[in-house]
Amino acid sequence: MAEINKDRPVKISVQNLTKRFGDLLVLDNMTFDIHENEFVCVVGPTGCGKTTFLNCLTRIYHPTEGDLLIDGTPADPAKHNISFVFQEPSALPWLTVEENIAYGLKIKKLPKDQIEQRVNQILDLMGLQTFRKSYPGELSVSAEQRIIIGRSFAMQPDLLLMDEPYGQMDVKVRFYLEDEVIRLWKELGSTIIFIIHNIEEAVYLAERIIILSNKPANIKEELIIDLPRPRNIADPKFIEYRNYITDKIKWW
Amino acid sequence: MDVQKKKTSLQLILWWSLPVLAVGLVIVAWVLFSANNPRLMPGPMAVIQRLIKVFEKPIAKTSLFGHAWASLKRVLTALLLAWTIGIALGILIGWNRACKAILGSIFELIRPIPPIAWIPIVIMWFGIGEFPKVLIVFIGTFVPLVINTAAGISMVDKINVDVGKMFGGNNWQILRSIVIPTALPSIFAGIRTSVSSGWTTVLAAEMIAAQKGLGALVTRGWQGSDMALVLVAVITIAIIGSLLAIFLSVLEKVVCPWKSN
């Protein structure tokens, strides 16, 4: 299918994922693979079931049918390392920046030296060394969101899910943080599913975009974005992708 | 720029001098009132002389420090017990639905009872020794702690718990690393209330039946129409109370540093 994925093994396999709430069918038989170190954005019309889709992947909801496999075995939060960046600010206010980044690693009981090494790596990559002893409440909202992103990347997760983590920020800050996510993804080789409603940002970020249909959601189309990085939003090819996806998710 | 700077430093001086001014006003009012009503209220000099006399001729063979220590010992023993048991019970009630259903309603019921209302029952059951005094203080300090801790625990933000779950934290890890830190400011509010409540209760208990303690000094002064002695005891109580409040605010800054920042 994808030229860019030819030499990467399948990391995540979603098979016949279906979710019903009583008689209401929300997710309809979705099947797709995500390759190791792939950056996938999921777009779709408002209310199409993006959040339900995400909640099935994080195991907050159990699918009615079908399953999510990580490295060939059914996803299990106790066994696999699934990390999630919430839409709302979720840095723990009583922990300093470095303690927030180390939080998940401590829960997983990693050796102390490994925790220290990973925290330092994230602080260096994100330019947060100066603020390592600060509390989230002392920093700006965008800095707090960066802590959360750093915390998720520090886990070196099998799968990193992001649910519009910049929804509440202005455009300039969003693009700045997205550049940061791209840098972390490239450095750390994570596998990312990014749920997003802004099509321009999806084209800016993704290697592949999954376009969902109206409810009940299924995969309408998958699109490889083969633009070089850093991407230019004024590039005619970029605009072509953006317009094409916008047309695809139109429900009117 | 300079004018602005001058204005700010003036405001700062005014801000810091206001508390001193307030205390000064109380002392002035005291001096004026005692000068006009010497029988109702002894003046500052009379109180200082009485203070010296307490040291020269100790009451119940105990110096003022001895009386203060007797009260403090009762309060601290009760507080240590109340903090240990009260915080643990508050966490249990706030975290566990079954415990909340059973114990929560009991605490709601006993919450409005003033601790000194327990004094007659406790004296009837346990006499007038050391244990009943500590027990009365324990009752007075224990209840606000349980209620504040339980309230703090139940106010935990769902998204923070989700963070713990997402990283695969078990119930114990989530309780320890998410729920208890969230509740710490409320627990501290409970600790502050428990300290002031502890002082109130110990004095009430000592005023009824005690040889030693600041409450006993108040009663002795009151019964002997020795108002200067009453004031010596009251001022000592105020000083110890303030020192405890300062200690607690320092402790809170150490335990909850993100709050002070």
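Note that the structure is a prediction, hence the values are computed from the model and not measured. Starting from 1, residues in each chain are numbered consecutively following that chain's sequence as written. Here the convention is simple: chains get letters from A, ligands get numbers from 1, in the order in which they are written. With the structure being a predicted model, the display of local features is reserved for residues of pLDDT at least 70 and the display and counting of side-chain atom pairs for 80 or more, all residues being used for whole-chain, interface and lining totals.

### Let's talk about the overall build of chain A
Strands here mean DSSP runs of E at least two residues long; helices mean DSSP runs of H or I at least four residues long; both are numbered from the N terminus. When you go through chain A residue by residue, the secondary structure sums to seven helices and 10 strands. As a reference, a globule follows 2.2 Å times the number of residues to the power 0.38, and the radius of gyration itself is taken over C-alpha atoms. Compactness check: chain A gives a C-alpha radius of gyration of 18 Å against a globular reference of 18 Å for 252 residues, within 12% of the reference. When the backbone C-alpha atoms are referred to their principal axes, chain A occupies close to 50 × 40 × 35 Å. Counting other C-beta atoms within 10 Å of a residue's C-beta gives its exposure: the residue is buried at 20 or more, exposed at 12 or fewer, and partly exposed in between, where C-beta atoms are placed from the backbone. When each of the 252 residues of chain A is scored for burial, the buried share is 40%. When contacts within chain A are restricted to residue pairs at least 6 apart in sequence, long-range pairs at least 24 apart make up 72% of them. This entry defines residue contacts through backbone-placed C-beta atoms, with two residues in contact when those atoms are within 7 Å.

### Here's the deal with the interface of chain A and chain B
Quite often, the size of an interface is put as the accessible area lost when its parts meet. Listed by partner, the interface residues are 18 residues for chain A and 11 residues for chain B. Secondary-structure elements contributing two or more residues to the side of chain A that touches chain B are β6 (82-85) and α2 (97-107) of chain A. Among the elements that make up the side of chain A that touches chain B, the one with the highest residue count is α2(A) (three residues). In terms of residue class, the side of chain A that touches chain B is built from 10 nonpolar, five polar and three charged. Asp, Glu, Lys and Arg are counted as charged, while Ala, Val, Leu, Ile, Met, Phe, Trp, Tyr, Cys and Pro are counted as nonpolar; the rest, among them Gly, fall into the polar class.

### Focus on the environment of V40(A)
All names here are of chain A. In this fold, V40 is placed in strand β3 (residues 39-43). Remark: the alpha-carbon pair of V40 and V203, spanning 163 residues in sequence, is separated by 10 Å. Apart from residues lying up to four places away in sequence, V40 is in contact with I34, I192, I193, A206, E207, R208 and I210.

### Brief notes about the packing of helix α9 (residues 214-223) of chain B against helix α10 (residues 227-255) of chain B
The relative placement of two packed helices comes down to the angle between their axes together with the axis-to-axis distance. Residue and element names in this part refer to chain B. Here the axes come from fitting lines to C-alpha atoms, over the contacting stretch only for helices, and the angles between their N-to-C directions go from 0 to 180 degrees. Contact geometry for α9 and α10: axes closest at 7 Å, N-to-C directions at 160°. Considering the angle they form, α9 stands roughly antiparallel to α10. Here α9 and α10 pass one another in a crossing that is left-handed. Residue-level inspection shows L214, L217, V218, R220, G221 and W222 of α9 in contact with α10, the latter providing M227, L229, V230, A233, V234, T236 and I237. Any angle that falls under 35 degrees is termed roughly parallel, while one over 145 is termed roughly antiparallel, one within 65 to 115 roughly perpendicular, and all others oblique. Handedness of a helix crossing follows the sense of rotation of the near helix relative to the far helix, less than a right angle counterclockwise being left-handed and clockwise being right-handed.

### Describing the confidence of the model for chain B
Residues of chain B with pLDDT of at least 70 account for 98%, and the chain-wide mean is 87. Across the interfaces of the predicted complex, the ipTM metric reaches 0.79, alongside a pTM of 0.77. Confidence of the prediction at every residue is given by pLDDT, a number between 0 and 100.

### Topic: the sheet that holds strand β9 (residues 208-212) of chain A
Residues and elements named next belong to chain A. What makes two strands pair is DSSP finding at least two bridges between them. One open sheet accounts for six strands, arranged β6-β7-β8-β3-β9-β10; its pairing is mixed. Each having just a single partner strand, β6 and β10 (219-224) make up the two edges of the open sheet. Recorded for the sheet is a direction-independent mean angle of 20° between the axes of neighbouring strands. With five bridges connecting them, β9 and β10 associate as antiparallel partners. Within the sheet, the bridge partner assigned to L212 lies in β10 and is I219.

### Focus: the sheet that holds strand β2 (residues 24-35) of chain A
Residue and element names in this part refer to chain A. Read across the sheet, four strands follow the order β2-β1-β4-β5 without closing on themselves; strand pairing throughout is antiparallel. The outermost strands of the open sheet, each flanked by one partner alone, are β2 and β5 (73-74). Sheet topology places strand β1 (residues 10-21) next to strand β4 (residues 65-70); five bridges connect them, and they run antiparallel. Note that in β4 the partner of Q15 across the bridge is D67. Along the sheet, helix α1 (residues 50-57) makes contact with β1, β2 and β4, crossing β2 at roughly 60°.

### Details of the confidence of the model for chain A
Across chain A, pLDDT averages 86, with 96% of residues at or above 70. Mean pLDDT across the secondary structure elements of chain A bottoms out at α1(A), with 82, and peaks at α2(A), with 93.

### Some remarks on the nonpolar core
Residue and element names in this part refer to chain A. Working definition: the nonpolar core is a set of buried Ala, Val, Leu, Ile, Met, Phe, Trp, Tyr and Cys residues, joined through C-beta atoms within 7 Å. The biggest cluster of nonpolar side chains holds 72 residues, and the ones touching the most others in it are C41 and I209. A per-element tally of this core places α2 first, with six residues. Once you skip the residues sitting within four places of it in the chain, I209 turns out to touch C41, V43, A202, L223, I225 and I245.

### Observations regarding the environment of Y176(A)
All names here are of chain A. Structurally, the position occupied by Y176 is in helix α5 (residues 171-188). The class for Y176 is partly exposed, based on 13 C-beta atoms found within 10 Å. Considering only alpha carbons, one finds Y176 and S142, 34 residues apart in sequence, at a separation of 9.8 Å.

### Focus: the packing of helix α4 (residues 141-154) of chain A against α5(A)
Residues and elements named next belong to chain A. Direction vectors running N to C along α4 and α5 enclose 15°, while the axes themselves pass 11 Å from each other. Judged by the angle between their axes, α4 and α5 are roughly parallel. Relative to α5, α4 is oriented so that their crossing is right-handed. Only V173, L177, E180, V181, L184 and L188 of α5 make contact with α4, whose side of the interface consists of S142, Q145, R146, I149 and F153. Residue composition of the contact of α4 with α5, grouped by class: seven nonpolar, two polar and two charged.

### What to know about the domain arrangement of chain B
Residues and elements named next belong to chain B. Residue ranges for the domains trace back to a domain assignment, done automatically or taken from a database. Taken domain by domain, chain B holds domain 1 (1-41) and domain 2 (42-260). Of note, the centres of domain 1 and domain 2, computed from C-alpha atoms alone, are 31 Å apart. Every contact between the two is made by six residues of domain 1 and, on the other side, four residues of domain 2. Of the residues in the side of domain 1 that touches domain 2, the class split is five nonpolar, one polar and no charged.

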